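Letter by letter, the chains look like this.
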Amino acid sequence: MNAAVATSVFGAFMVLTVALGLLAVRRKGTEKGRPAGLSEWSVGGRSLGTVFIWVLMAGESYTSFSYLGAAGWGYNSGAPVLYVLAYMSCGYALGYVVGPMLWAYARRHGLVGITDMIAHRYRAPWLGAAVALLATVCLLPYIQLQITGMGVVVSTISYGAISINWAYFLSFAVTTGFVVISGLRGSAWVSVLKDVLVIGTLGFLAVYVPLHYFDGYGPFLDRLVAEKPQWLTFPGHDSGGLGQVWFVTTTLVNSLTVVIFPTTVAGYLGARNAEALRRNALYLPFYNVLLFVPMLLGMAALFVVPGLTGADSNLALFKMVVDSLPAWAVGLVGVAAALSSIVPMAVFMLVIGTMWGRSVLGAIPRLNKGAAGVASGDGGGEAAGGRQKLWSQLVVVVAGALALLLTYTAPDTLVRLSLISYEGMAQLVPMLLLGLVWRRLTLHAAVSGLVAGFTLVCVLVFGGHDPVWGMNAGIVGLAVNVAVALAVTWLGPRAADGRPDAEVLALDDEFPRDGVPSQGAPVSPPASS
(Lines give C-alpha, C1' and ligand atoms only; values in the text may rest on other atoms or scores of the structure.)
Protein backbone atom coordinates (compact mmCIF):
# COMPACT_ATOMS: atom_id res chain seq x y z
CA MET A 1 0.00 0.00 0.00
CA ASN A 2 2.82 2.43 0.87
CA ALA A 3 4.50 1.74 -2.47
CA ALA A 4 1.25 2.30 -4.38
CA VAL A 5 0.54 5.63 -2.65
CA ALA A 6 4.06 7.03 -3.00
CA THR A 7 4.35 5.87 -6.62
CA SER A 8 0.97 7.38 -7.52
CA VAL A 9 1.97 10.75 -6.09
CA PHE A 10 5.25 10.57 -7.98
CA GLY A 11 3.57 9.54 -11.26
CA ALA A 12 1.02 12.36 -11.08
CA PHE A 13 3.75 14.95 -10.71
CA MET A 14 5.76 13.48 -13.58
CA VAL A 15 2.73 13.89 -15.84
CA LEU A 16 2.39 17.48 -14.59
CA THR A 17 6.07 18.08 -15.36
CA VAL A 18 5.71 17.02 -18.99
CA ALA A 19 2.47 19.00 -19.30
CA LEU A 20 4.18 22.18 -18.04
CA GLY A 21 6.95 21.78 -20.60
CA LEU A 22 4.44 21.33 -23.41
CA LEU A 23 2.34 24.25 -22.20
CA ALA A 24 5.36 26.55 -22.13
CA VAL A 25 6.26 25.96 -25.77
CA ARG A 26 2.63 25.90 -26.92
CA ARG A 27 1.91 29.28 -25.35
CA LYS A 28 5.02 30.89 -26.80
CA GLY A 29 4.34 29.42 -30.21
CA THR A 30 0.81 30.81 -30.10
CA GLU A 31 2.10 34.27 -29.15
CA LYS A 32 4.61 34.46 -32.00
CA GLY A 33 2.56 32.68 -34.63
CA ARG A 34 5.58 30.91 -36.12
CA PRO A 35 7.80 27.94 -35.29
CA ALA A 36 10.38 28.57 -32.61
CA GLY A 37 13.97 28.88 -33.85
CA LEU A 38 17.26 27.96 -32.21
CA SER A 39 17.32 31.10 -30.07
CA GLU A 40 13.81 30.46 -28.71
CA TRP A 41 14.58 26.81 -27.99
CA SER A 42 18.08 27.19 -26.53
CA VAL A 43 17.93 30.53 -24.67
CA GLY A 44 14.18 31.12 -24.33
CA GLY A 45 14.17 33.84 -26.98
CA ARG A 46 16.22 36.01 -24.58
CA SER A 47 12.92 36.98 -22.96
CA LEU A 48 12.87 35.43 -19.46
CA GLY A 49 12.24 37.82 -16.59
CA THR A 50 13.73 37.92 -13.11
CA VAL A 51 11.48 35.23 -11.61
CA PHE A 52 12.05 32.65 -14.34
CA ILE A 53 15.79 33.37 -14.43
CA TRP A 54 15.92 33.03 -10.64
CA VAL A 55 14.19 29.65 -10.50
CA LEU A 56 16.07 28.38 -13.56
CA MET A 57 19.51 29.30 -12.23
CA ALA A 58 18.60 28.03 -8.77
CA GLY A 59 18.55 24.66 -10.52
CA GLU A 60 22.34 24.93 -10.49
CA SER A 61 22.17 24.94 -6.69
CA TYR A 62 19.42 22.38 -6.18
CA THR A 63 20.18 19.23 -8.12
CA SER A 64 19.93 15.67 -6.85
CA PHE A 65 23.07 16.63 -4.91
CA SER A 66 20.82 18.66 -2.58
CA TYR A 67 19.02 15.55 -1.33
CA LEU A 68 21.70 12.91 -1.87
CA GLY A 69 25.23 14.26 -2.19
CA ALA A 70 24.98 17.09 0.37
CA ALA A 71 23.52 14.72 2.95
CA GLY A 72 26.11 12.08 2.02
CA TRP A 73 28.98 14.57 2.42
CA GLY A 74 27.55 15.68 5.75
CA TYR A 75 27.29 12.02 6.81
CA ASN A 76 30.82 11.08 5.69
CA SER A 77 32.87 14.23 6.20
CA GLY A 78 30.99 17.07 7.83
CA ALA A 79 32.47 20.57 7.65
CA PRO A 80 34.17 20.35 4.20
CA VAL A 81 30.75 20.14 2.51
CA LEU A 82 30.28 23.84 3.33
CA TYR A 83 32.47 24.61 0.31
CA VAL A 84 29.28 24.34 -1.76
CA LEU A 85 27.70 27.29 0.01
CA ALA A 86 30.93 29.28 -0.16
CA TYR A 87 31.65 28.91 -3.87
CA MET A 88 28.04 29.44 -4.96
CA SER A 89 27.72 32.63 -2.97
CA CYS A 90 31.04 33.93 -4.33
CA GLY A 91 30.00 32.85 -7.82
CA TYR A 92 26.77 34.85 -7.58
CA ALA A 93 28.80 37.93 -6.64
CA LEU A 94 31.01 37.45 -9.69
CA GLY A 95 27.90 36.80 -11.78
CA TYR A 96 26.66 40.29 -10.95
CA VAL A 97 29.40 41.56 -13.29
CA VAL A 98 30.04 38.61 -15.59
CA GLY A 99 26.39 37.75 -16.36
CA PRO A 100 25.44 41.12 -17.92
CA MET A 101 28.76 41.21 -19.79
CA LEU A 102 28.22 37.83 -21.44
CA TRP A 103 24.53 38.55 -22.04
CA ALA A 104 25.25 41.82 -23.85
CA TYR A 105 28.10 40.36 -25.92
CA ALA A 106 25.96 37.41 -27.01
CA ARG A 107 22.97 39.61 -27.80
CA ARG A 108 25.05 42.03 -29.85
CA HIS A 109 26.47 39.29 -32.04
CA GLY A 110 23.58 36.80 -32.06
CA LEU A 111 25.38 34.10 -30.04
CA VAL A 112 23.75 31.29 -28.07
CA GLY A 113 26.51 29.78 -25.91
CA ILE A 114 30.14 29.83 -24.83
CA THR A 115 31.31 27.95 -27.93
CA ASP A 116 29.73 30.67 -30.09
CA MET A 117 31.43 33.37 -28.06
CA ILE A 118 34.84 31.75 -28.28
CA ALA A 119 34.52 31.12 -32.03
CA HIS A 120 33.50 34.73 -32.59
CA ARG A 121 36.13 36.27 -30.29
CA TYR A 122 39.05 34.44 -31.91
CA ARG A 123 37.60 34.19 -35.46
CA ALA A 124 38.05 30.41 -35.28
CA PRO A 125 34.97 28.22 -35.83
CA TRP A 126 37.17 25.16 -35.33
CA LEU A 127 37.97 26.35 -31.81
CA GLY A 128 34.26 26.56 -31.01
CA ALA A 129 33.89 22.96 -32.15
CA ALA A 130 36.90 21.86 -30.06
CA VAL A 131 35.53 23.60 -26.96
CA ALA A 132 32.17 21.93 -27.58
CA LEU A 133 33.89 18.54 -27.49
CA LEU A 134 35.80 19.38 -24.30
CA ALA A 135 32.70 20.76 -22.61
CA THR A 136 30.72 17.66 -23.57
CA VAL A 137 33.32 15.45 -21.89
CA CYS A 138 32.93 17.56 -18.74
CA LEU A 139 29.12 17.75 -18.86
CA LEU A 140 28.17 14.16 -19.71
CA PRO A 141 29.11 12.93 -16.22
CA TYR A 142 26.59 15.39 -14.77
CA ILE A 143 23.81 13.90 -16.87
CA GLN A 144 24.82 10.44 -15.69
CA LEU A 145 24.92 11.62 -12.08
CA GLN A 146 21.42 13.08 -12.35
CA ILE A 147 20.11 9.88 -13.96
CA THR A 148 21.68 7.88 -11.15
CA GLY A 149 20.41 10.29 -8.50
CA MET A 150 16.84 10.20 -9.76
CA GLY A 151 17.00 6.43 -10.14
CA VAL A 152 18.06 6.01 -6.54
CA VAL A 153 15.33 8.39 -5.36
CA VAL A 154 12.54 6.73 -7.35
CA SER A 155 13.55 3.23 -6.30
CA THR A 156 13.77 4.31 -2.64
CA ILE A 157 10.46 6.19 -2.43
CA SER A 158 8.64 3.33 -4.18
CA TYR A 159 9.83 1.06 -1.35
CA GLY A 160 11.61 -1.04 -3.99
CA ALA A 161 8.51 -1.52 -6.18
CA ILE A 162 10.26 0.26 -9.08
CA SER A 163 13.61 -1.27 -9.88
CA ILE A 164 16.55 1.07 -10.11
CA ASN A 165 17.11 0.21 -13.79
CA TRP A 166 13.54 1.20 -14.68
CA ALA A 167 13.99 4.33 -12.59
CA TYR A 168 17.07 5.24 -14.65
CA PHE A 169 15.07 4.88 -17.85
CA LEU A 170 12.19 6.93 -16.46
CA SER A 171 14.61 9.74 -15.62
CA PHE A 172 15.97 9.75 -19.16
CA ALA A 173 12.57 9.50 -20.85
CA VAL A 174 10.83 12.28 -18.91
CA THR A 175 13.72 14.70 -19.22
CA THR A 176 14.43 14.05 -22.88
CA GLY A 177 10.77 14.25 -23.81
CA PHE A 178 10.09 17.69 -22.46
CA VAL A 179 13.45 19.34 -23.16
CA VAL A 180 13.46 18.33 -26.84
CA ILE A 181 10.05 19.90 -27.29
CA SER A 182 10.12 22.88 -24.96
CA GLY A 183 13.79 23.84 -24.59
CA LEU A 184 14.99 26.33 -21.98
CA ARG A 185 11.58 27.94 -21.51
CA GLY A 186 10.02 24.61 -20.51
CA SER A 187 12.84 24.03 -18.02
CA ALA A 188 12.14 27.44 -16.49
CA TRP A 189 8.42 26.64 -16.11
CA VAL A 190 9.15 23.28 -14.50
CA SER A 191 11.67 25.01 -12.23
CA VAL A 192 8.80 26.94 -10.64
CA LEU A 193 7.10 23.68 -9.64
CA LYS A 194 10.42 22.23 -8.51
CA ASP A 195 11.29 25.21 -6.34
CA VAL A 196 7.90 25.26 -4.62
CA LEU A 197 8.38 21.60 -3.69
CA VAL A 198 12.06 22.02 -2.73
CA ILE A 199 11.37 24.95 -0.41
CA GLY A 200 8.35 23.19 1.08
CA THR A 201 9.97 19.79 1.65
CA LEU A 202 13.35 21.02 2.90
CA GLY A 203 11.68 23.58 5.14
CA PHE A 204 9.47 20.85 6.59
CA LEU A 205 12.34 18.37 7.07
CA ALA A 206 14.46 21.07 8.74
CA VAL A 207 11.88 21.20 11.52
CA TYR A 208 10.51 17.65 11.51
CA VAL A 209 13.64 15.48 11.63
CA PRO A 210 15.31 17.11 14.68
CA LEU A 211 12.00 17.16 16.56
CA HIS A 212 11.08 13.59 15.65
CA TYR A 213 14.43 11.97 16.41
CA PHE A 214 16.09 14.29 18.94
CA ASP A 215 13.31 16.43 20.50
CA GLY A 216 14.75 19.55 18.85
CA TYR A 217 17.95 21.15 17.59
CA GLY A 218 19.40 21.71 21.05
CA PRO A 219 19.62 18.01 21.96
CA PHE A 220 20.72 17.12 18.43
CA LEU A 221 23.58 19.64 18.36
CA ASP A 222 24.62 18.80 21.92
CA ARG A 223 24.92 15.15 20.94
CA LEU A 224 26.80 16.03 17.74
CA VAL A 225 29.34 18.15 19.65
CA ALA A 226 29.77 15.47 22.33
CA GLU A 227 30.00 12.39 20.12
CA LYS A 228 31.11 13.57 16.65
CA PRO A 229 33.20 16.74 17.13
CA GLN A 230 35.49 15.94 14.20
CA TRP A 231 32.54 16.42 11.81
CA LEU A 232 32.37 20.09 12.86
CA THR A 233 35.96 21.14 12.11
CA PHE A 234 38.35 20.97 9.16
CA PRO A 235 39.44 18.72 7.64
CA GLY A 236 36.34 16.83 8.78
CA HIS A 237 36.10 13.12 9.31
CA ASP A 238 37.93 10.82 6.89
CA SER A 239 38.05 13.60 4.28
CA GLY A 240 41.35 12.80 2.59
CA GLY A 241 43.07 16.10 3.35
CA LEU A 242 40.20 18.52 2.73
CA GLY A 243 41.54 21.19 5.05
CA GLN A 244 41.41 24.99 5.10
CA VAL A 245 43.71 25.45 2.09
CA TRP A 246 41.63 23.02 0.05
CA PHE A 247 38.46 24.82 1.14
CA VAL A 248 39.75 28.26 0.07
CA THR A 249 41.23 27.11 -3.25
CA THR A 250 38.17 25.04 -4.13
CA THR A 251 35.89 27.97 -3.34
CA LEU A 252 38.02 30.23 -5.55
CA VAL A 253 38.28 27.95 -8.57
CA ASN A 254 34.65 26.83 -8.43
CA SER A 255 33.33 30.39 -8.08
CA LEU A 256 35.30 31.38 -11.19
CA THR A 257 34.13 28.29 -13.04
CA VAL A 258 30.44 28.51 -12.20
CA VAL A 259 30.06 31.91 -13.90
CA ILE A 260 31.23 30.51 -17.27
CA PHE A 261 29.76 27.02 -16.85
CA PRO A 262 27.71 26.35 -20.02
CA THR A 263 24.49 25.77 -18.07
CA THR A 264 24.97 29.02 -16.12
CA VAL A 265 25.62 30.92 -19.34
CA ALA A 266 22.44 29.45 -20.83
CA GLY A 267 20.59 31.06 -17.93
CA TYR A 268 22.37 34.38 -18.53
CA LEU A 269 21.50 34.40 -22.22
CA GLY A 270 17.86 33.61 -21.56
CA ALA A 271 17.38 36.86 -19.63
CA ARG A 272 15.20 39.67 -20.96
CA ASN A 273 17.76 42.28 -19.95
CA ALA A 274 20.94 42.74 -17.95
CA GLU A 275 19.11 44.21 -14.98
CA ALA A 276 17.25 40.91 -14.47
CA LEU A 277 20.64 39.22 -14.08
CA ARG A 278 21.83 41.76 -11.54
CA ARG A 279 18.70 41.32 -9.44
CA ASN A 280 19.06 37.56 -9.77
CA ALA A 281 22.64 37.73 -8.47
CA LEU A 282 21.35 39.56 -5.40
CA TYR A 283 18.51 37.13 -4.67
CA LEU A 284 20.14 33.74 -5.31
CA PRO A 285 22.38 33.65 -2.20
CA PHE A 286 19.27 33.71 0.00
CA TYR A 287 18.13 30.49 -1.66
CA ASN A 288 21.41 28.82 -0.72
CA VAL A 289 20.47 28.95 2.95
CA LEU A 290 18.28 25.89 2.36
CA LEU A 291 21.37 23.84 1.49
CA PHE A 292 22.24 23.84 5.17
CA VAL A 293 19.26 21.52 5.71
CA PRO A 294 20.47 18.35 3.92
CA MET A 295 24.00 18.96 5.21
CA LEU A 296 22.81 19.07 8.82
CA LEU A 297 20.36 16.22 8.34
CA GLY A 298 23.14 14.12 6.87
CA MET A 299 24.96 14.53 10.17
CA ALA A 300 21.74 13.77 12.05
CA ALA A 301 21.57 10.48 10.14
CA LEU A 302 24.83 9.45 11.83
CA PHE A 303 22.74 8.68 14.91
CA VAL A 304 19.55 7.48 13.19
CA VAL A 305 20.97 5.16 10.52
CA PRO A 306 24.60 4.53 11.50
CA GLY A 307 26.95 2.35 9.53
CA LEU A 308 26.15 3.47 5.97
CA THR A 309 29.15 3.07 3.69
CA GLY A 310 30.02 3.84 0.09
CA ALA A 311 27.16 4.95 -2.14
CA ASP A 312 24.63 4.05 0.55
CA SER A 313 25.73 7.10 2.54
CA ASN A 314 24.05 9.28 -0.11
CA LEU A 315 20.73 7.77 1.02
CA ALA A 316 21.19 9.03 4.58
CA LEU A 317 18.40 11.62 4.30
CA PHE A 318 15.99 9.38 2.41
CA LYS A 319 16.37 6.50 4.82
CA MET A 320 15.12 8.78 7.58
CA VAL A 321 12.29 10.06 5.36
CA VAL A 322 11.09 6.56 4.43
CA ASP A 323 11.43 5.40 8.03
CA SER A 324 9.40 8.19 9.64
CA LEU A 325 6.94 9.76 7.17
CA PRO A 326 3.64 8.50 5.68
CA ALA A 327 3.72 7.26 2.10
CA TRP A 328 2.13 10.37 0.55
CA ALA A 329 4.76 12.59 2.22
CA VAL A 330 7.52 10.25 1.06
CA GLY A 331 6.11 10.65 -2.45
CA LEU A 332 6.21 14.45 -2.24
CA VAL A 333 9.80 14.50 -0.99
CA GLY A 334 10.68 12.08 -3.77
CA VAL A 335 9.05 14.33 -6.37
CA ALA A 336 11.04 17.34 -5.13
CA ALA A 337 14.27 15.33 -5.31
CA ALA A 338 13.38 13.91 -8.74
CA LEU A 339 12.62 17.35 -10.16
CA SER A 340 15.93 18.48 -8.69
CA SER A 341 17.48 15.92 -11.03
CA ILE A 342 15.25 16.55 -14.05
CA VAL A 343 15.61 20.35 -14.32
CA PRO A 344 19.43 20.55 -14.24
CA MET A 345 19.72 17.42 -16.37
CA ALA A 346 17.44 19.04 -18.96
CA VAL A 347 19.66 22.13 -19.08
CA PHE A 348 22.83 20.01 -19.35
CA MET A 349 21.32 18.10 -22.27
CA LEU A 350 20.05 21.28 -23.91
CA VAL A 351 23.46 22.95 -23.64
CA ILE A 352 25.26 19.96 -25.16
CA GLY A 353 22.69 19.88 -27.97
CA THR A 354 23.07 23.61 -28.63
CA MET A 355 26.87 23.46 -28.69
CA TRP A 356 26.90 20.61 -31.16
CA GLY A 357 23.97 21.82 -33.25
CA ARG A 358 25.49 25.28 -33.59
CA SER A 359 29.28 24.97 -33.35
CA VAL A 360 29.94 21.44 -34.65
CA LEU A 361 27.20 20.02 -36.90
CA GLY A 362 25.76 23.44 -37.69
CA ALA A 363 29.14 24.63 -38.96
CA ILE A 364 29.47 21.81 -41.54
CA PRO A 365 28.10 23.20 -44.84
CA ARG A 366 27.09 19.86 -46.36
CA LEU A 367 24.99 19.00 -43.32
CA ASN A 368 23.10 22.27 -43.72
CA LYS A 369 22.74 22.26 -47.49
CA GLY A 370 19.66 24.11 -48.64
CA ALA A 371 19.48 26.32 -45.56
CA ALA A 372 20.28 29.71 -46.99
CA GLY A 373 22.26 32.14 -44.88
CA VAL A 374 23.68 31.72 -41.47
CA ALA A 375 21.53 31.87 -38.39
CA SER A 376 22.33 34.58 -35.99
CA GLY A 377 20.02 32.93 -33.56
CA ASP A 378 17.79 36.00 -33.37
CA GLY A 379 15.95 35.99 -36.62
CA GLY A 380 18.68 36.04 -39.23
CA GLY A 381 18.93 33.00 -41.52
CA GLU A 382 15.76 31.23 -40.33
CA ALA A 383 16.35 28.20 -42.55
CA ALA A 384 19.83 27.63 -41.13
CA GLY A 385 18.54 28.33 -37.64
CA GLY A 386 15.83 25.71 -38.07
CA ARG A 387 18.37 23.17 -39.28
CA GLN A 388 20.67 23.90 -36.36
CA LYS A 389 17.77 23.53 -33.95
CA LEU A 390 16.96 20.14 -35.48
CA TRP A 391 20.56 19.00 -35.08
CA SER A 392 20.57 20.28 -31.51
CA GLN A 393 17.43 18.32 -30.61
CA LEU A 394 18.90 15.18 -32.14
CA VAL A 395 22.10 15.60 -30.12
CA VAL A 396 20.02 16.00 -26.94
CA VAL A 397 18.55 12.54 -27.51
CA VAL A 398 21.93 11.04 -28.37
CA ALA A 399 23.68 12.61 -25.35
CA GLY A 400 20.95 11.46 -22.97
CA ALA A 401 20.91 7.96 -24.47
CA LEU A 402 24.71 7.71 -24.22
CA ALA A 403 24.66 8.75 -20.57
CA LEU A 404 21.87 6.24 -19.90
CA LEU A 405 23.74 3.45 -21.69
CA LEU A 406 26.93 4.13 -19.74
CA THR A 407 24.91 4.25 -16.52
CA TYR A 408 23.80 0.68 -17.24
CA THR A 409 27.00 -0.73 -18.68
CA ALA A 410 30.02 1.24 -17.46
CA PRO A 411 29.05 3.71 -14.73
CA ASP A 412 32.63 4.03 -13.53
CA THR A 413 33.67 5.58 -16.86
CA LEU A 414 31.62 8.73 -16.35
CA VAL A 415 32.25 8.73 -12.62
CA ARG A 416 35.99 8.98 -13.32
CA LEU A 417 35.40 11.74 -15.87
CA SER A 418 33.33 13.63 -13.30
CA LEU A 419 36.51 14.05 -11.25
CA ILE A 420 37.76 16.62 -13.77
CA SER A 421 34.42 18.22 -14.68
CA TYR A 422 34.75 21.43 -12.68
CA GLU A 423 38.55 21.59 -12.69
CA GLY A 424 38.51 20.97 -16.45
CA MET A 425 35.87 23.60 -17.20
CA ALA A 426 37.85 26.06 -15.07
CA GLN A 427 40.53 26.05 -17.77
CA LEU A 428 38.14 27.90 -20.11
CA VAL A 429 38.05 30.95 -17.80
CA PRO A 430 41.12 32.73 -19.31
CA MET A 431 40.10 31.95 -22.90
CA LEU A 432 36.59 33.35 -22.40
CA LEU A 433 36.65 36.01 -19.67
CA LEU A 434 40.20 37.31 -20.12
CA GLY A 435 39.73 37.23 -23.87
CA LEU A 436 36.60 39.38 -23.73
CA VAL A 437 38.25 42.16 -21.72
CA TRP A 438 41.84 42.05 -23.03
CA ARG A 439 42.34 42.36 -26.77
CA ARG A 440 46.02 41.37 -26.72
CA LEU A 441 45.18 37.77 -25.74
CA THR A 442 45.85 35.89 -28.97
CA LEU A 443 44.38 32.67 -30.32
CA HIS A 444 47.71 30.86 -29.90
CA ALA A 445 48.02 32.07 -26.32
CA ALA A 446 44.48 31.10 -25.34
CA VAL A 447 44.79 27.63 -26.85
CA SER A 448 48.26 27.05 -25.37
CA GLY A 449 47.05 28.02 -21.90
CA LEU A 450 43.99 25.78 -22.20
CA VAL A 451 46.04 22.77 -23.31
CA ALA A 452 48.63 23.27 -20.56
CA GLY A 453 46.07 23.78 -17.79
CA PHE A 454 43.76 20.96 -18.83
CA THR A 455 46.63 18.51 -19.28
CA LEU A 456 48.02 19.30 -15.83
CA VAL A 457 44.60 18.87 -14.23
CA CYS A 458 44.19 15.45 -15.85
CA VAL A 459 47.66 14.37 -14.71
CA LEU A 460 47.05 15.48 -11.13
CA VAL A 461 43.51 14.16 -10.78
CA PHE A 462 43.90 10.82 -12.50
CA GLY A 463 47.30 10.38 -10.88
CA GLY A 464 45.71 10.62 -7.46
CA HIS A 465 47.31 13.97 -6.57
CA ASP A 466 44.20 16.03 -5.94
CA PRO A 467 44.49 17.87 -3.56
CA VAL A 468 48.11 18.73 -4.36
CA TRP A 469 50.02 20.39 -1.48
CA GLY A 470 46.62 20.78 0.13
CA MET A 471 45.28 22.79 -2.84
CA ASN A 472 42.55 21.98 -5.34
CA ALA A 473 44.18 20.70 -8.55
CA GLY A 474 41.98 23.00 -10.59
CA ILE A 475 43.55 26.15 -9.15
CA VAL A 476 47.04 24.82 -9.89
CA GLY A 477 46.02 24.09 -13.47
CA LEU A 478 44.42 27.53 -13.79
CA ALA A 479 47.59 29.25 -12.56
CA VAL A 480 49.67 27.39 -15.15
CA ASN A 481 47.04 28.15 -17.78
CA VAL A 482 47.21 31.90 -17.16
CA ALA A 483 51.02 31.90 -16.99
CA VAL A 484 51.34 30.08 -20.33
CA ALA A 485 48.70 32.30 -21.97
CA LEU A 486 50.49 35.46 -20.86
CA ALA A 487 53.90 34.16 -21.93
CA VAL A 488 52.69 33.18 -25.41
CA THR A 489 50.85 36.50 -25.78
CA TRP A 490 54.00 38.46 -25.08
CA LEU A 491 56.53 36.18 -26.79
CA GLY A 492 54.58 34.30 -29.43
CA PRO A 493 53.16 35.21 -32.86
CA ARG A 494 50.55 37.97 -33.09
CA ALA A 495 48.01 37.57 -35.86
CA ALA A 496 46.52 40.78 -37.22
CA ASP A 497 42.88 41.36 -36.35
CA GLY A 498 41.45 44.44 -38.02
CA ARG A 499 38.05 44.25 -36.35
CA PRO A 500 37.00 47.14 -34.13
CA ASP A 501 36.90 46.65 -30.36
CA ALA A 502 33.09 46.33 -30.45
CA GLU A 503 33.47 43.16 -32.52
CA VAL A 504 36.08 41.59 -30.26
CA LEU A 505 35.54 42.76 -26.69
CA ALA A 506 32.69 42.97 -24.22
CA LEU A 507 32.74 46.73 -23.75
CA ASP A 508 31.33 48.60 -20.77
CA ASP A 509 28.78 50.42 -22.92
CA GLU A 510 27.32 47.07 -24.00
CA PHE A 511 25.53 46.50 -20.71
CA PRO A 512 24.20 49.76 -19.26
CA ARG A 513 21.77 49.82 -16.35
CA ASP A 514 18.71 49.56 -18.59
CA GLY A 515 20.07 46.31 -20.00
CA VAL A 516 19.93 47.37 -23.66
CA PRO A 517 23.20 47.16 -25.61
CA SER A 518 24.15 50.50 -27.08
CA GLN A 519 24.33 49.28 -30.66
CA GLY A 520 21.17 47.21 -30.60
CA ALA A 521 20.69 44.10 -32.69
CA PRO A 522 23.20 41.36 -33.51
CA VAL A 523 25.72 42.36 -36.13
CA SER A 524 27.71 39.27 -37.04
CA PRO A 525 27.07 35.51 -36.83
CA PRO A 526 29.84 33.30 -35.49
CA ALA A 527 30.15 31.01 -38.50
CA SER A 528 31.23 33.93 -40.70
CA SER A 529 33.80 35.19 -38.22
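None of these values were measured; they are calculated from a predicted model.

### Looking at the overall build of the protein
Along the backbone of the protein there are 23 helices and 0 strands. Put simply, the protein has 529 residues, and 58% of those count as buried. Within the protein, contacts between residues at least 6 apart in sequence are counted, and of these 83% link residues at least 24 apart. In the structure as shown, the protein presents an accessible area of about 19,500 Å², 68% of it carried by carbon and sulfur atoms.

### Looking at the environment of Val55
Structurally, Val55 is set in helix H3 (residues 50–58). Not counting residues up to four positions away in its chain, the partners in contact with Val55 are Ala188, Ser191, Val192 and Asp195.

### Quick look at the pattern of salt bridges
Applying the stated criterion to the full structure yields 7 salt bridges. The partner of Arg278 in a salt bridge is Glu275, and the shortest N-O contact between them spans 3.2 Å. Placement of both Arg278 and Glu275 in helix H13 (residues 274–287) is noted, with a separation of 3 residues, approximately one turn of the helix. When its relative accessible area of 5% is taken as the criterion, Arg278 is described as buried. A salt bridge links Asp497 to Arg499; the nearest nitrogen and oxygen atoms lie 2.9 Å apart. Through salt bridges with shared partners, a single network forms among Arg123, Asp497 and Arg499.

### Focus on the state of the cysteines
Evaluated as defined, the whole model comprises 0 disulfides. Cysteine Cys458 remains unbridged, with the sulfur of Cys138 as its closest cysteine sulfur at 8.1 Å.

### So, the environment of Thr176
With respect to the secondary-structure elements, Thr176 resides in helix H9 (residues 164–214). A relative accessible area of 8% means that Thr176 is categorised as buried. C-alpha of Thr176 to C-alpha of Gln393: the two residues are 217 residues apart in sequence and 9.3 Å apart in space. Not counting the four nearest positions on each side in its chain, Thr176 is found in contact with Met349 and Val397.

### Describing helix H12 (residues 262–269)
A turn of α-helix holds 3.6 residues, and therefore any two residues three or four places apart point the same way. With 8 of 8 residues buried, H12 lies mostly within the body of the structure. The set of residues buried in H12 consists of Pro262, Thr263, Thr264, Val265, Ala266, Gly267, Tyr268 and Leu269.

### Thoughts on the confidence of the model for the protein
When the pLDDT values of the protein are averaged, the result is 85; 88% of them are 70 or greater. Contacts of residues 372–380 to residues separated by more than four positions or lying in other chains number 27 contacts, the stretch itself having pLDDT below 50. Considering only residues more than four positions removed or in separate chains, one finds that residues 519–529, a stretch of pLDDT under 50, has 32 contacts.

### Observations regarding unusual backbone geometry
Along the chain, Phe234 connects to Pro235 via a cis peptide bond; the corresponding omega equals 5 degrees. Locating Pro235 in the fold gives a position in the loop between helix H10 (217–227) and helix H11 (244–258). Between Asp466 and the following residue, Pro467, the backbone shows a cis peptide bond with an omega angle of 5 degrees. If you trace the backbone, Pro467 turns up in the loop between helix H21 (443–462) and helix H22 (473–491). Here the phi dihedral of Tyr159 falls at roughly 55 degrees; this positive angle occurs in a residue that is not glycine.

### Considering the nonpolar core
Among the nonpolar cores identified, the biggest contains 165 residues, and Tyr67, Leu102, Met117, Ile143, Leu428 and Met431 are the most heavily contacted of them. If we skip the residues at most four places from it in the chain, Met117 touches Leu102, Tyr105, Ala106, Leu111, Val265, Leu269 and Leu432.

Definitions and cut-offs
- Residues numbered from 1 in each chain as written.
- Predicted model: local features only at pLDDT ≥ 70, side-chain atom pairs only at ≥ 80, totals over all residues.
- Heavy atoms only, no water.
- Helix = DSSP H or I, 4+ residues; strand = E, 2+ residues; numbered from the N terminus.
- Buried < 20%, exposed > 50% of the residue type's maximum accessible area, 1.4 Å probe, protein only.
- Contact = heavy atoms within 4.5 Å.
- Areas by Shrake-Rupley, 256 points an atom, 1.4 Å probe, with all protein chains shown as cover.
- Salt bridge = Lys/Arg side-chain N within 4 Å of Asp/Glu carboxyl O.
- Disulfide = S-S within 2.5 Å.
- pLDDT = per-residue confidence, 0-100.
- Core = buried A, V, L, I, M, F, W, Y, C linked by side-chain atoms within 4.5 Å.

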